[in-house]
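Fold and geometry: a report
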4 protein chains.
Amino acid sequence: MHTLNEEKVFKDPVHNYIHVQHSTIWRLINTAEFQRLRRIRQLGTSYLTFHGAEHSRFSHSLGVYEITRRIISQFERNGYADWPHSEKLLTLCAALLHDLGHGPFSHSIEEAFEMDHEDWTRRIILGDTEVNAILAEVADDFPVKVASVIAKDYVHPIVVNLVSSPLDADRMDYLLRDAYYTGVNYGTIDIDRILRMLRPYQGRIVVKESGMHAVEDYLMSRYQMYWQVYFHPVTRSSEIILRQIFRRAKELYRDHYAFGFLIDPLPGLFEDKLSVQDYLKLDEALIQTVFSQWTNEKDAVLSELCSRFMHRRLYKYVEVESVDLEMIDQIRRDFKRVGLNPEYDLEVDFPTDLPYDVFRPGDESSQKQILLLDREERLREISEVSDIVRSISGIHRGKYHLYYPGSKMKDVISSLSDPVSQIFKR
Amino acid sequence: MHTLNEEKVFKDPVHNYIHVQHSTIWRLINTAEFQRLRRIRQLGTSYLTFHGAEHSRFSHSLGVYEITRRIISQFERNGYADWPHSEKLLTLCAALLHDLGHGPFSHSIEEAFEMDHEDWTRRIILGDTEVNAILAEVADDFPVKVASVIAKDYVHPIVVNLVSSPLDADRMDYLLRDAYYTGVNYGTIDIDRILRMLRPYQGRIVVKESGMHAVEDYLMSRYQMYWQVYFHPVTRSSEIILRQIFRRAKELYRDHYAFGFLIDPLPGLFEDKLSVQDYLKLDEALIQTVFSQWTNEKDAVLSELCSRFMHRRLYKYVEVESVDLEMIDQIRRDFKRVGLNPEYDLEVDFPTDLPYDVFRPGDESSQKQILLLDREERLREISEVSDIVRSISGIHRGKYHLYYPGSKMKDVISSLSDPVSQIFKR
Amino acid sequence: MHTLNEEKVFKDPVHNYIHVQHSTIWRLINTAEFQRLRRIRQLGTSYLTFHGAEHSRFSHSLGVYEITRRIISQFERNGYADWPHSEKLLTLCAALLHDLGHGPFSHSIEEAFEMDHEDWTRRIILGDTEVNAILAEVADDFPVKVASVIAKDYVHPIVVNLVSSPLDADRMDYLLRDAYYTGVNYGTIDIDRILRMLRPYQGRIVVKESGMHAVEDYLMSRYQMYWQVYFHPVTRSSEIILRQIFRRAKELYRDHYAFGFLIDPLPGLFEDKLSVQDYLKLDEALIQTVFSQWTNEKDAVLSELCSRFMHRRLYKYVEVESVDLEMIDQIRRDFKRVGLNPEYDLEVDFPTDLPYDVFRPGDESSQKQILLLDREERLREISEVSDIVRSISGIHRGKYHLYYPGSKMKDVISSLSDPVSQIFKR
Amino acid sequence: MHTLNEEKVFKDPVHNYIHVQHSTIWRLINTAEFQRLRRIRQLGTSYLTFHGAEHSRFSHSLGVYEITRRIISQFERNGYADWPHSEKLLTLCAALLHDLGHGPFSHSIEEAFEMDHEDWTRRIILGDTEVNAILAEVADDFPVKVASVIAKDYVHPIVVNLVSSPLDADRMDYLLRDAYYTGVNYGTIDIDRILRMLRPYQGRIVVKESGMHAVEDYLMSRYQMYWQVYFHPVTRSSEIILRQIFRRAKELYRDHYAFGFLIDPLPGLFEDKLSVQDYLKLDEALIQTVFSQWTNEKDAVLSELCSRFMHRRLYKYVEVESVDLEMIDQIRRDFKRVGLNPEYDLEVDFPTDLPYDVFRPGDESSQKQILLLDREERLREISEVSDIVRSISGIHRGKYHLYYPGSKMKDVISSLSDPVSQIFKR
């Protein structure tokens, strides 16, 4: 591990400065693959709801690296025996690169094309890339190790734990960062305090008991951010349109439709045959440019959806307490009858939220727990100790939302059957 | 002017909430032309220096609108007779739309293609656009009026003054917003205090004398932001590459080079024949996608420049106290001799800074002054009263920077003539 | 009601500016009685735990006034019919003055001398004071009206509601202010959003349903502030010492002990015979000065307690899950046996927390509810709608704490009986 | 030097956490002498202008310690050879204790009684105090060393430099802290950046040249804080009254006036015979209590001044461009003639400001310079390099202010001679 002659810093609004001390980290940041993350927004389409949320996964990845660096630095200052010092660079690299495989509008594109960003992260790390070359300079097996931390099967679970757990650097950074850029102040947590409370202990990261309140506050912040930001119905509406665009384009491609505009690597995407090099060409600039061109496609469904997305003409929604399959069927039939397209003019959405999966007897997955360490060195799962955590863990909130094109609905609502028109009248 | 049934708000990190009360404003925001501003960054390539600076002109335009709204609201609360109440909607529309004509990477593209964003703003407002249609609903001559405010020749100079002056809503918003998103804290000004100190007076906006310190602080903040952010040499480096790409592509187009990838409206841009509809297709997503495709062009100069821009392989620079034409000539000759391309491998840059143009006897342009109003209702130009303003007004700072490709230079530096290699050795 | 020629402002770190528009408010602030609040800390002895918490009730009272002003201003902007416009000045005066009767280290002194600050607030408002004179200039019955709002029996319950309810200006200000001055970031709430969501409705203040999340967040913040700040065991320790000092001094006075230092109005305080003028002399400067002098009293108990308070030599504590009367009795006997004084060397403390009293069927006190108003104009108690509120409402947290002088304990712990020494050994 | 088993932290609004790692520091904080600083406000009477400015010298002293700790930690991380590692504890102790000798309302009391707080700091450190005992445990000569750093004659000038220089921890903390507590945002500086730019170099602390902008910003912040806060005319007015109270009491004491209330250590103060133990009894609680009692003194001048101070009935002021001795004489004669007391009813004040003393050829006092270190390891005084610093260094701003009792003036102004009444009429 090469130390830089002089520490490099990035100015960051969330952490003030991001400190880079190793040349490996510095060089990874400067790879084409990592720079690509500048063209992928951290919150996908949320900027259509919160106009400030234009921040990139590049920023977030630097933030995750920085928090990880601070945690390790705290461990080293305190000389904790349970921290495997030799894993420092590995942990930092994995933290920095953990989101490398994210595609444009990640959640929507993954759903539409059944991709998995973690899988792509590993492929990029192990493939013929600049990132791989730099990692391989550390040691021949270093890329494999980094990929293994991402895959959560690395031999030292504590390293995995730092990069991926209910209280990991990833979650802490996105909470703070998303709150900062949306302007929503629910995400402000006392990160300094949380960091001071973390300890490596018997192969995993635990929290000193005196940090319980800070962790409660962190979980409440997550809870609020889920409802205020991540599951915002307007954002869901834009995601729905995005997925419909992808779905329509895929259908058209399958049916040999002659696109007026089609560039690489879209065919590969439609055919599920993307090489790593193809995949790296995918970014949000490309997707937006394609959609912009597609506003002129002769296929009316595709061009309309693309116009909606580009000019932010989103679907409206109604909230319903519950909805059964029969009713959905009736709505679809009604839609068809009055000339709406039930395939594209209706989406049923049920948001779910699990801010923290509580311990369940017999649950083996200790990686999903937050453990408190008390003065007598006993470990307890936080939901055993905290009423707050226990009470929010059980909450299943959220209602069904029916999304539909508002303008079209206006014209036909009077022709819908009574129970259906009742729903959309609100 | 239609008041909305219920005020709409946008959550904004800088102003907390942006309040929309008139349906005209609401509908303008929802036009395709205004939504396009989401795809144009406020600070152009600065995100390559400050990774947080990914905010759009959409955000900024809302901010300018909001500050203008607050100023007018203060004028109305205080019942100032000099404020022409009937101009409220006009002023708000002009504030909202003043940046509508910005192109992608605005400063660079304007320089490369001799365009003017204010000119485009007026063309969009007066052209066959959604914005025009909505404005025309207010009154037939309303679009012309808005365009006239943008052109700074509207009949009521106070309206122009609010939208464009050394202490206008535009500058106040960008100072705060750019500071927020870069994370640089030099731009924090006491905007509430400044707003309270503004007064309409004899056809223009003046500042109560007791607000002098707040204005000094604002000018100092601008001064610092210029040097810390706007003129940052790394940002200049990325702008230089951008301009070189535009220049090279224009040359190639002129010389009938067969581009591997070329989409509308690029030909129109190269031929200086853009319609309003063409222009509106230009955004940063398109530019980035084109550059990304061009990394594979066979023209080596173009493909290399595009790679540099997309993967952030910027030019290095050296700072020199001064440089004369003769020396530049010698450098060019040397470059040529050792196989560098003086047309593209060298750029000389001299940053200038005029945070506030001081009053000069005989200067007619009262629009460029900040006037203080004292208790005896005397008006004085701020630089007459403030030592601070006077002292920073005169400062011409900045040095010459020579930009060049660092990797190429390494190979040839030993072959350069002595005085030239001295310069680039540092 | 006299409007000031020019609005006056106070610079405030929490609300940025506090705006005073009426001369009555301005003059009330300048009374001797209101200025006295500068010498009474908002958080009593909390500054011994959080050194930043040195802010006064003067600051807080201005903040409560300002929030109330903003709420009313919102009501007026929206032209809500249910807001009785003529009560504006009354509401503002009551908001400003509601804490006027607080004594030094209020909670402790009230407990020790069975006083009630609301009662004193009314006595000051109705007594021969500057405040009374200024209020009486508005109308003869105006002081009585203000006192009646404080007493919560004013004829318009909506006025009472604004000044005192689970979501009143008082609670909102102290949450924000205490968080700011302690540096604890749990109290950051989106006050702008909450204010926008308030509505006068059928004689009380209700919250629009869309503001539910903001209210949840506010209640969670209160919950966290209670545990992190208000019930901090170190603060409790200092309050215990304070109460013991008061208790000891009262006993000594009753027993005709010859104090080395005793000034007015202490005798009146001990005899429960304070006039309004006497009461107004009580402030924290006086209490601290008296304690400082008493560090030299010959009564060892008093002088030691005063030294403890002045030099922050607080009692230590142990936390126990539960403790029964029998055990306490045994501890007392043990203490006596080993030479400790059970009257002063032991305090048992059980903190309780009720962040929000939930609705109970049959509960008449609608003043204690937070009501949500949905689009169909139905009112619902928030705990009916919010899982979060329901779950935190039921939580009874906190453990018993036993406080004792740590240094003395060290010397005797080995002589204590086994079960007792077990407790204090931790 | 004893390291604590576990680092202790203080929650601080300015630095987030203050970290204590050595038991010596921990024990010094817990001394009676250091705890006394809780009862001395950092900004004296400024809380009468900015109600939030109620923070104590205790808070500030912790802040100075913390900044010093961070600077040293940076030096150690970077392994700078010029930093004498063995002086760490000494530097930290001196930083923590440097304000120990401040009296109540320090600037005013020092002026009135010709005291010097640095002198008292040394006396407390060397006297029979808890602080002295703890320091002496480190080494016999350790108290002398600490006192010598305070006296600026310690053998290693770099230690003195850290604790006292134009860019020392003291100034940085008070700028940030005073801005935070007043709510004025002129004092926000990028302290992390400044700290990173400091280097020990040849026996003093210098700044890397690339930190010049940050230092400029810091000096501008100081400049603004001086004018907005430290020299605020309302604060000056309260200081004037304070000094008059001290002056009057001293005169009365000298003239054997029978005070209705007089407690230790006031006689010692009046006679200039304070022991260290006496001095430590002086705090702002005592001063305020004495003044409160003195509002009932039979000496009308004293009782009125004390009422003014306690109830914030400050002197009014007029601003004049210049005033000569003759005019002052005439005012005094006029005042006498119309029954005003020129000794107490008039104060002439000329504020001065030297944000940064520029280098003057021949100036030996290198301790007063800020030196920049460039890449070629050349040292240059900042005002040689920075236009901004040069331009603000020369500014002598400020006007004369004449302070007087507004209410009395009203009654007599018509009887004053013409030129005098002109002045006070504004």
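Residues numbered from 1 in each chain as written. Chains lettered and ligands numbered in written order. Predicted model: local features only at pLDDT ≥ 70, side-chain atom pairs only at ≥ 80, totals over all residues. Heavy atoms only, no water.

As annotated in an unreviewed UniProt entry, chain A carries the name HD domain-containing protein and is attributed to Paenibacillus albilobatus.

1. Digging into the interface of chain B and chain A
On the side of chain A, 40 residues touch chain B, which itself brings 40 residues to the contact. In this structure, the connection of chain B to chain A is made through 2 salt bridges. In this structure, Glu130(A) and Arg313(B) form a salt bridge, with 2.7 Å as the shortest nitrogen-oxygen distance. Counting every contact that joins chain B to chain A gives 22 residue pairs in polar contact (both at pLDDT 80 or more). Of all the secondary structure elements, the ones that give two or more residues to the side of chain B that touches chain A are β1 (3–12), α2 (32–35), α3 (57–77), α10 (169–182) and α16 (284–294) of chain B. Element by element, the count of residues in the side of chain B that touches chain A is highest for α16(B), at 5 residues. The residue inventory of the side of chain B that touches chain A, partitioned by class, reads 17 nonpolar, 14 polar and 9 charged. (Contact = heavy atoms within 4.5 Å. Salt bridge = Lys/Arg side-chain N within 4 Å of Asp/Glu carboxyl O. Polar contact = N/O pair within 3.5 Å; in protein donor to acceptor, adjacent residues only side chain to side chain. Helix = DSSP H or I, 4+ residues; strand = E, 2+ residues; numbered from the N terminus. Nonpolar A, V, L, I, M, F, W, Y, C, P; charged D, E, K, R; others polar.)

2. Some remarks on the interface of chain C and chain A
The interface is formed by 22 residues belonging to chain C together with 22 residues belonging to chain A. Carbon and sulfur atoms supply 49% of the area buried between chain C and chain A, which totals about 1,900 Å² over both sides. Where chain C meets chain A, there are 0 salt bridges. Remark: the boundary between chain C and chain A carries 3 residue pairs in polar contact (both at pLDDT 80 or more). For the side of chain C that touches chain A, the secondary structure elements donating two or more residues are α12 (212–230) and α20 (387–393) of chain C. Looking at the side of chain C that touches chain A element by element, the count peaks at 10 residues for α12(C). Broken down by class, the residue content of the side of chain C that touches chain A amounts to 10 nonpolar, 6 polar and 6 charged. (Buried area = accessible area lost by both parts, 1.4 Å probe.)

3. Notes on the relation of the copies chain B and chain A
The two copies are related by a screw operation: chain B maps onto chain A through 180° of rotation and 0.0 Å of translation along the axis, at an RMSD of 0.0 Å. Classification of the inter-copy transformation places it as that of a two-fold axis. By C-alpha distance to the rotation axis, the residue of chain B lying nearest is Ala285(B), at 2.0 Å. (Least-squares fit on C-alpha atoms with pLDDT ≥ 70 in both.)

4. A word on the environment of Gly44(A)
All names here are of chain A. Locating Gly44 in the fold gives a position in the loop between α2 (32–35) and α3 (57–77). Its relative accessible area of 11% is what places Gly44 among the buried residues. Expressed as a C-alpha distance, the spacing of Gly44 and Phe105, which sit 61 residues apart in the sequence, is 4.6 Å. (Buried < 20%, exposed > 50% of the residue type's maximum accessible area, 1.4 Å probe, protein only.)

5. A look at the relation of the copies chain C and chain A
When chain C is fitted onto chain A, the two copies agree to an RMSD of 0.0 Å after a turn of 180° and an axial shift of 0.0 Å. Taken as a fraction of all interface residues of chain C, those also at the interface in chain A reach 100%, which identifies the copy contact as same-surface.

6. Examining the packing of helix α5 (residues 106–113) of chain A against helix α13 (residues 233–254) of chain A
Residues and elements named next belong to chain A. Remark: α5 packs on α13, axes separated minimally by 9 Å, with the N-to-C direction vectors making an angle of 35°. For α5 against α13, the interelement crossing comes out right-handed. Taken together, the residues of α13 that come into contact with α5 (itself represented by Ser108, Ile109, Glu111, Ala112 and Phe113) are Glu239, Leu242, Arg243, Phe246 and Lys250. For the contact of α5 with α13, the per-class residue count stands at 5 nonpolar, 1 polar and 4 charged. (Axes fitted to C-alpha atoms, helices over the stretch in contact; angles between N-to-C directions. Left-handed = near helix turned anticlockwise from the far one by under 90°.)

7. Thoughts on the pairing of strand β1 (residues 3–12) of chain C
All names here are of chain C. As paired strands, β1 and strand β2 (residues 16–22) are joined by 6 bridges and run antiparallel to one another. Residue pairing for β2: Val9 is matched across the bridge by His19. Hairpin geometry of β1 and β2 is characterised by an intervening segment of 3 residues between the two adjacent antiparallel strands. (Pairing = 2+ DSSP bridges.)

8. Let's talk about helix α5 (residues 106–113) of chain C
All names here are of chain C. Among the 8 residues that make up α5, 6 are buried, leaving the element largely enclosed by the rest of the structure. Of all the positions in α5, only Ser106, Ser108, Ile109, Glu110, Ala112 and Phe113 are classed as buried. One or two steps after α5, the chain reaches Glu114, where phi turns positive at roughly 50°.

9. Structural notes on the side chain of His102(A)
All names here are of chain A. Mapped onto the elements, His102 comes out in the loop between α4 (88–97) and α5. A residue is classified by how much of its surface remains accessible, and His102, at 4% relative accessible area, is buried. A distance of 2.5 Å separates a polar atom in the side chain of His102 from a polar atom in the side chain of Ser106. A polar atom in the side chain of His102 sits 3.3 Å from the side chain of His117. When sequence neighbours within four positions are dropped, the list of residues in contact with His102 reads Arg36, Ile40, Arg57, Glu110, His117 and Tyr279.

10. Some thoughts on the sheet that holds strand β8 (residues 379–381) of chain B
Residue and element names in this part refer to chain B. Strand order across the open sheet formed by 4 strands is β3-β4-β7-β8, with mixed pairing between neighbours. Across the chains shown, the open sheet's two edge strands, defined by having one partner strand only, are β3 (198–201) and β8. Going from strand to strand, the sheet's axes swing by 45° on average, the running direction of each strand aside. Two elements, strand β4 (residues 204–208) and strand β7 (residues 371–373), share 2 bridges in a ladder whose sense is parallel. Looking at the pairing, Val207 lines up with Leu372 of β7. Of the strands in this sheet, β3 and β4 touch α3, which is tilted by about 65° from β3.

11. Looking at the UniProt feature "domain: HD" (unreviewed entry) in chain A
Here, the residues flagged by UniProt with the feature "domain: HD" (unreviewed entry) are residues 57–175 of chain A. Strand forms 0% of residues 57–175 of chain A and helix 68%; the C-alpha atoms that close the span are 13 Å apart. (UniProt positions renumbered as here; feature names shortened; annotations may be inferred.)

12. Remarks on unusual backbone geometry
Leaving glycine out, the prevailing phi sign among residues is negative, and the prevailing peptide bond configuration is trans. Cis geometry is adopted by the peptide bond preceding Pro265(A), which originates at Asp264(A) and carries an omega value of 0°. For Pro265(A), the location among the structural elements is in the loop between α13 and α14 (266–270). Positive phi, close to 65°, is recorded for Lys152(A), a residue that is not glycine. Within the secondary structure, Lys152(A) is located in the loop between α8 (142–150) and α9 (157–163). The backbone of Glu377(D) sits at a positive phi, close to 60°, despite the residue not being glycine. Turning to its location among the elements, Glu377(D) is positioned in the loop between β7 (371–373) and β8 (379–381). Among the residues examined, Glu377(D) registers a relative accessible area of 40% and is labelled partly exposed.

13. Some words on the pattern of salt bridges
Applying the stated criterion to the full structure yields 124 salt bridges over all chains. Asp190(A) serves as the salt-bridge partner of Lys11(D), at 3.4 Å between the closest nitrogen and oxygen. Linking Lys11(D) in strand β1 (residues 3–12) with Asp190(A) in the loop between α10 (169–182) and α11 (191–197), this pair reaches from one chain into another. By the burial criterion, Lys11(D) is buried, and Asp190(A) matches it. What you see here is one network of salt bridges that share partners, running through Arg247(A), Arg332(A), Glu343(A) and Glu347(A).

14. Considering the nonpolar core
Core analysis: the largest hydrophobic core is formed by 496 residues, its most contacted members being Trp294(A), Trp294(B), Trp294(C) and Trp294(D). Residues within four places of Trp294(A) in sequence aside, it is in contact with Ile245(A), Ala249(A), Phe259(A), Phe261(A), Leu262(A), Leu266(A), Phe270(A), Leu302(A), Ser303(A) and Cys306(A). (Core = buried A, V, L, I, M, F, W, Y, C linked by side-chain atoms within 4.5 Å.)

15. Comments concerning the side chain of Ser303(B)
Residues and elements named next belong to chain B. The residue Ser303 is located in helix α17 (residues 300–310) in this model. Classification of Ser303 as buried rests on a relative accessible area of 13%. When near neighbours in sequence (up to four residues on either side) are disregarded, Ser303 contacts Trp294, Thr295 and Glu297.

16. Topic: the packing of aromatic side chains
Residues and elements named next belong to chain A. The full count for this structure, using the stated rule, is 96 aromatic pairs over all chains. Look at Tyr226 and Tyr230: their rings are 5.3 Å apart centre to centre, the planes differ by 85°, and that puts the pair in the edge-to-face class. Taken together, the positions of Tyr226 and Tyr230, both in helix α12 (residues 212–230) and 4 residues apart, correspond to about one turn of that helix. Here Tyr226 matches Tyr230 in class, with each residue buried. Through a chain of ring-to-ring contacts, three or more aromatic side chains come together here, namely Phe105, Phe113, Phe246, Tyr253, Tyr257, Phe259, Phe270, Phe291, Trp294 and Phe309. (Phe/Tyr/Trp six-rings, centres within 6.5 Å; stacked < 30°, edge-to-face > 60°.)

17. Structural notes on the confidence of the model for chain A
Of all residues in chain A, 94% attain a pLDDT of 70 or more, and the chain-wide mean is 91. Scoring of the predicted complex yields 0.93 for pTM and 0.94 for ipTM. (pLDDT = per-residue confidence, 0-100.)

18. Quick word on the sheet that holds strand β9 (residues 400–404) of chain B
Residues and elements named next belong to chain B. Taken together, 3 strands build an open sheet; the order of strands is β5-β9-β6 and the sheet is antiparallel. Edge positions in the sheet fall to β5 (316–320) and β6 (347–349), since each has one partner strand and no second. The average angle at which neighbouring strand axes cross in this sheet is 25°, direction not considered. Sheet topology note: the β5/β9 ladder contains 5 bridges and is antiparallel. The residue bridging Lys316 from the neighbouring strand is Tyr404, located in β9.

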